[in-house]
Amino acid sequence: MAALEPYAPPPQTNEELDWIELEALDISLLDHLDGKDVLAKQVLRFINKNGFFHVVGHGITDEQVNRQYAIAKAFFGIPLEEKLKYLCRSEVGDFRGYKPQSTGDLAGRDNDERYNIPKFTPEHERPHPQVILDHLEEIKEFSLHIHNRILLPLLRLFAYVLEIDEEYLINIHRYEAKGLEYLRYMQYHPRTVEQDQQLNNIWARGHTDYNTLTFLFHQPVAGLQVQNSDSGKWNYVKSNPGAIIVNIADALEYLSGGFLKSTVHRVVRPPEDQANQPRLSLIYFARPEANVTMKPVKSPLLERLGLQLPDADLKALENISAEEWARARIAKDHRYRTGVVKAEEKEIIAGVHQKFYH
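Because the structure is a prediction, the values reported are computed rather than measured.

Considering helix 5 (residues 136-162)
Thinking step 1. Taking 1.5 Å per residue, 27 residues should reach 39 Å; helix 5 reaches 37 Å between its end C-alpha atoms and fits that length.
Thinking step 2. Maximum bend of helix 5: about 30°, positioned at Leu151, with proline Pro153 one to four residues after it.
Thinking step 3. One or two residues past the end of helix 5 sits Glu163, with phi positive at roughly 65°.

Section: the sheet that holds strand 4 (residues 112-118)
Two pairing modes exist for strands in a sheet, parallel and antiparallel, and in both the strands are linked by backbone hydrogen bonds.
Thinking step 1. Read across the open sheet, the 8 strands follow the order 1-2-10-7-12-5-4-3; overall the sheet is mixed. Only two strands of the sheet have a single partner each, and these edge strands are strand 1 (24-26) and strand 3 (97-99). In this sheet, neighbouring strand axes are inclined to one another by 25° on average, regardless of whether the strands run parallel or antiparallel.
Thinking step 2. Looking at chain direction, strand 4 and strand 5 (residues 182-188) are connected through 7 bridges and run antiparallel.

What to know about empty space enclosed by the protein
Here the idea is plain: a probe the size of a water molecule rolls over the atoms and shows the empty space left.
Thinking step 1. In the structure shown here, the tally under the stated rule is 3 cavities of 30 Å³ or more.
Thinking step 2. Computed from the structure, the largest cavity encloses a volume of approximately 60 Å³.
Thinking step 3. Lining the largest cavity are His58, Ile60, Thr61, Asp62, Val65, Phe217, His218, Gly242, Ala243 and Ile244.
Thinking step 4. Its residues assigned to classes, the lining of the largest cavity shows 5 nonpolar, 4 polar and 1 charged.
Thinking step 5. The volume enclosed by the second largest cavity comes to roughly 50 Å³.
Thinking step 6. Of the residues in the lining of the second largest cavity, the class split is 4 nonpolar, 2 polar and 2 charged.

Digging into a nonpolar patch on the surface
Thinking step 1. Taken together, the side chains of Leu80, Leu84 and Leu87 make up a nonpolar region of the molecular surface, amounting to roughly 250 Å² of accessible area.
Thinking step 2. Relative to the elements of secondary structure, Leu87 occurs in the loop between helix 3 (80-83) and strand 3.
Thinking step 3. Here Leu87 falls in the partly exposed class, since its relative accessible area comes to 43%.

Some remarks on the packing of helix 2 (residues 62-76) against helix 5
Packed helix pairs are specified by the crossing angle of their axes together with the interaxial distance, meaning the distance between the axes.
Thinking step 1. The geometry of helix 2 relative to helix 5 is characterised by a closest axis approach of 11 Å and an angle of 130° between their N-to-C directions. The orientation of helix 2 with respect to helix 5, classified from their angle, is oblique. Handedness of the helix 2/helix 5 crossing: left-handed. In this structure, helix 2 uses Gln64, Val65, Arg67, Gln68 and Ile71 to contact helix 5, whose residues at the interface are Glu138, Ile139 and Phe142.
Thinking step 2. Residues that form the contact of helix 2 with helix 5 fall into these classes: 4 nonpolar, 2 polar and 2 charged.

Observations regarding helix 1 (residues 35-46)
Thinking step 1. When the terminal C-alpha atoms of helix 1 are compared, their 17 Å separation across 12 residues agrees well with the 16 Å that a helix rising 1.5 Å per residue should span.
Thinking step 2. Taken together, the buried positions of helix 1 are Gly35, Leu39, Ala40, Gln42, Val43 and Phe46. The buried side chains of helix 1 occupy one side of the element, clustering within an arc of 160° when seen end-on. Seen from the open side of helix 1, the exposed residues pointing more than 90 degrees away from its buried face are Lys41 and Arg45.
Thinking step 3. Against the buried residues of helix 1 lie strand 1, strand 2 (52-56) and helix 5.

Structural notes on the UniProt feature "domain: Fe2OG dioxygenase" (unreviewed entry) in the chain
Thinking step 1. The UniProt feature table records "domain: Fe2OG dioxygenase" (unreviewed entry) at residues 179-288.
Thinking step 2. Annotated as 11% helix and 37% strand, the span residues 179-288 places its first and last C-alpha atoms 7 Å apart.

Concerning the sheet that holds strand 8 (residues 224-227)
Thinking step 1. The 4 strands are arranged 6-11-8-9 in an open sheet whose pairing can be described as antiparallel. Two strands close off the open sheet at either side, each with one partner strand: strand 6 (202-207) and strand 9 (234-236). With strand direction ignored, the average angle separating the axes of adjacent strands in the sheet is 25°.
Thinking step 2. Of the pairings in the sheet, the one linking strand 6 to strand 11 (residues 265-268) comprises 3 bridges and is antiparallel in character. Bridge pairing in strand 11 places Ile202 opposite Val268.

Calculation rules
Residues numbered from 1 in each chain as written. Predicted model: local features only at pLDDT ≥ 70, side-chain atom pairs only at ≥ 80, totals over all residues. Heavy atoms only, no water. Helix = DSSP H or I, 4+ residues; strand = E, 2+ residues; numbered from the N terminus. Expected span 1.5 Å × (residues − 1). Bend = angle between axes of the 7 residues up to and from the residue. Pairing = 2+ DSSP bridges. Axes fitted to C-alpha atoms, helices over the stretch in contact; angles between N-to-C directions. 1 Å grid on protein atoms, 1.4 Å probe; cavity = no way out; pocket = protein on both sides within 12 Å on 5 of 7 lines; lining within 4 Å. Points joined across faces, edges and corners; volume = space filled by probe spheres on them. Nonpolar A, V, L, I, M, F, W, Y, C, P; charged D, E, K, R; others polar. Patch = residues over 30% accessible without salt bridge, like charges linked within 9 Å, V, L, I, M, F, W, Y side chains within 5 Å. Areas by Shrake-Rupley, 256 points an atom, 1.4 Å probe, with all protein chains shown as cover. Salt bridge = Lys/Arg side-chain N within 4 Å of Asp/Glu carboxyl O. Buried < 20%, exposed > 50% of the residue type's maximum accessible area, 1.4 Å probe, protein only. Parallel < 35°, antiparallel > 145°, perpendicular 65-115°, else oblique. Left-handed = near helix turned anticlockwise from the far one by under 90°. Contact = heavy atoms within 4.5 Å. Arc of directions from axis to C-beta. UniProt positions renumbered as here; feature names shortened; annotations may be inferred.

What follows is the structure, encoded as structure tokens:
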């Protein structure tokens, strides 16, 4: 086993940016007698304004995060021809494995490369490059910590806020069940000023994620922006050591009847003091189990507030499974990214449309 080159995060930008203020949920409070009520009140204060928030008190050290980045950096450093042996099949909605950066005329649509490592369950057993195999046990330990000690407590908290059985969301996110949950190593490649100007400085167009919750680990190269739901203005999201950035995604929005809002975000060209280096990211995508239907929970809170999703979408999705939803979105994005279609397709599945935020 070759030794990993130690990873140290790059410094924060010195530029003055328009940062958004995010709430921080300290999930270690859930171990205290009244901690659940404290956090529930906090969630109710901010959740309909901004589906991005920080999580602290999560039990993962900066050293563990940097170790994952060291593995990611080692992976992206291996020859392209080797990485291509582990190509994902995004054309059929399967993101397990490697997705290369697009080049040539399509480079403006897709400026990153990714390696997605799925759940450590029998259905996902698959080949990996040697650098991943050498560190598979610690990747597994890291992934399981996220699922069991961060995702599940948050799902219990959200169920409590929705005034439903606190195990309801847990029971449709069982790790051992069939599903498309995965850890992602991701690297954006820097472009010249001229290249970025031609693309309005956009590295990843405005979008919502299509899973339950997305966990973004400390990554100080600025570029992530969230759209203000009231003004439509884009604000930078600051990544702080020790804090995980979490965003609510489409599946949880539908399951919560629109109460928990899927967050619109994008990635833009970093500030000039960071623009010449790759932007390495470590992300975990939590998803409902494959067979879970995208049907809102029955909740006293929702009954009082009223469902907040279009009736047509609710009707269309009530018999669509979480796996069908995710695969349709991945395959649709693949077609545009690879030039199979010339324009962005609106429909995701069953007449439900994706919104675009340019």
